[in-house]
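# What the coordinates show
If you want the building blocks of each chain, they are given just below.
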Amino acid sequence: MTTQGIYIYGIVPNFYSTDMFRSLENTEVYAIPFKNISALVSNKERVLLDSLDRESLGYMLVHHQKTIEDLMTKGFSMIIPMQLGTMVNSKDEVVKILENGFNLMIETLKKIEFLTEIDLVVSWADFSGVLKDFSLHPDIIELKEEVMRNSGSLSKIDQVKMGMLVQQKIDEKNKQIELNILDSLAAVSLDIKTHEVMNDQMITNSAFLVDRTKKEKFEHMIEQIDRDYKDLLNFKLVGPLPFYSFYTLEIKALNPEFVIQAKNELELGEETTESEIKKAFLGKARMYHPDSNLENGDEVNFNRINKAYHTLLDYSAAAKQLSKNDFISLSKENVNEHLTLVKIKE
């Protein structure tokens, strides 16, 4: 049996024209407003990301990003993307997320008003030629000559050693070039995030936060770097993009039973503060941490109270999204009110 849910793509301000929101009528996407922001959502069959195979997850990611980017082309240039797979059961839950994360969302929309994200992938233009060059590296030649002097032939182990040395030299060269590129582009970027590269041929897979007025200057800088490397590298530039790398929102649902259990673990009362939570944790930590208490250290208990501490920090952050009060209620009646934490994905 399948169940329907509401899939959240992103958050936009409500200052866009009525006609722009009306343009969504011919798509699967619609807006759920709260005050002066809206969530752009669609009705979808609920799925668990953990249950998807690699291909299905990839398809879902492509659809997620394409939908957000299509919304940008429709004119919703100030859109804060939501984490892949963010689904809730009802419109009321969407409104609850908007309510809890309202201040963070408004603050983020102000930050991104004049910014854009540009992604850059740099790879070797002729990787087979690069591999041949590395095989002539002095360290590689020296290792090969040493092996031949000692045994007269290359064993399987020797071949593995040489392969590992070649890999090391490739990694070092790629990292050196990546750092040079990032250092050059830092002058025209407000922030940089590096992502995992797919293979040895790829030198960098990076995202740049750029002022829109400097986008052309950023592109000219890429052209200059390309000339400096004399066409040895391929540059793939994608943007402007939604702020996937810098301002993606994520929703963290907290379990009320775990919050109450964490309160009991740290022996806190029904009203507390973040400083009291930290003080209670540090007291327990000194009691259980193996490094602090060599005779009675207990790693299991330390991990348990460490988990309780972070649970209460998340709960405190969720509570403060609705109230600026320093005091945090841990009573069973109030815990259920602050169980949705909205934050920027790290």
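Placed above this text is the structure.
The following paragraphs examine the structure supplied in this document. (Residues numbered from 1 in each chain as written. Predicted model: local features only at pLDDT ≥ 70, side-chain atom pairs only at ≥ 80, totals over all residues. Heavy atoms only, no water.)

## A short note on the layout of surface pockets
Empty space left among the atoms is revealed by rolling a probe the size of a water molecule over them. Of the voids in this model, the largest pocket is the one considered here, and its volume is about 1,100 Å³. Lining the largest pocket are 30 residues, and of these Leu61, Gln65, His195, Tyr244 and Ser245 lie nearest its centre. Residue assignment for the lining of the largest pocket shows that the elements contributing at least two residues are helix H2 (54-73), strand S6 (115-124), strand S7 (191-195), strand S8 (202-211) and strand S9 (233-241). Element by element, the count of residues in the lining of the largest pocket is highest for H2, at six residues. Its residues assigned to classes, the lining of the largest pocket shows 14 nonpolar, eight polar and eight charged. Size it by volume and the second largest pocket reaches roughly 470 Å³. Around the second largest pocket, the lining is made up of 18 residues, and of these Arg46, Gly85, Thr86, Met87 and Val88 lie nearest the centre. (1 Å grid on protein atoms, 1.4 Å probe; cavity = no way out; pocket = protein on both sides within 12 Å on 5 of 7 lines; lining within 4 Å. Points joined across faces, edges and corners; volume = space filled by probe spheres on them. Helix = DSSP H or I, 4+ residues; strand = E, 2+ residues; numbered from the N terminus. Nonpolar A, V, L, I, M, F, W, Y, C, P; charged D, E, K, R; others polar.)

## Brief notes about helix H9 (residues 256-265)
Considered for burial, the residues of H9 that qualify are Val259, Ile260, Ala262, Lys263 and Glu265. Its side-chain oxygen 2.8 Å from the backbone nitrogen of Glu257, Asn255 forms the N-cap of H9. Taken from the residues just after H9, Glu267 is the one with a positive phi, measuring 55 degrees. (Buried < 20%, exposed > 50% of the residue type's maximum accessible area, 1.4 Å probe, protein only. Polar contact = N/O pair within 3.5 Å; in protein donor to acceptor, adjacent residues only side chain to side chain.)

## Some remarks on the sheet that holds S7
With antiparallel pairing, four strands are arranged side by side in an open sheet as S7-S8-S6-S9. Because the sheet does not close on itself, it has two edges, and the strands there are S7 and S9. Neighbour-to-neighbour, the strand axes of the sheet open up by a mean angle of 20 degrees, direction not taken into account. Pairing between S6 and S8: nine bridges, direction antiparallel. Paired with Ser123 across the strands is Met202, a residue of S8. (Pairing = 2+ DSSP bridges. Axes fitted to C-alpha atoms, helices over the stretch in contact; angles between N-to-C directions.)

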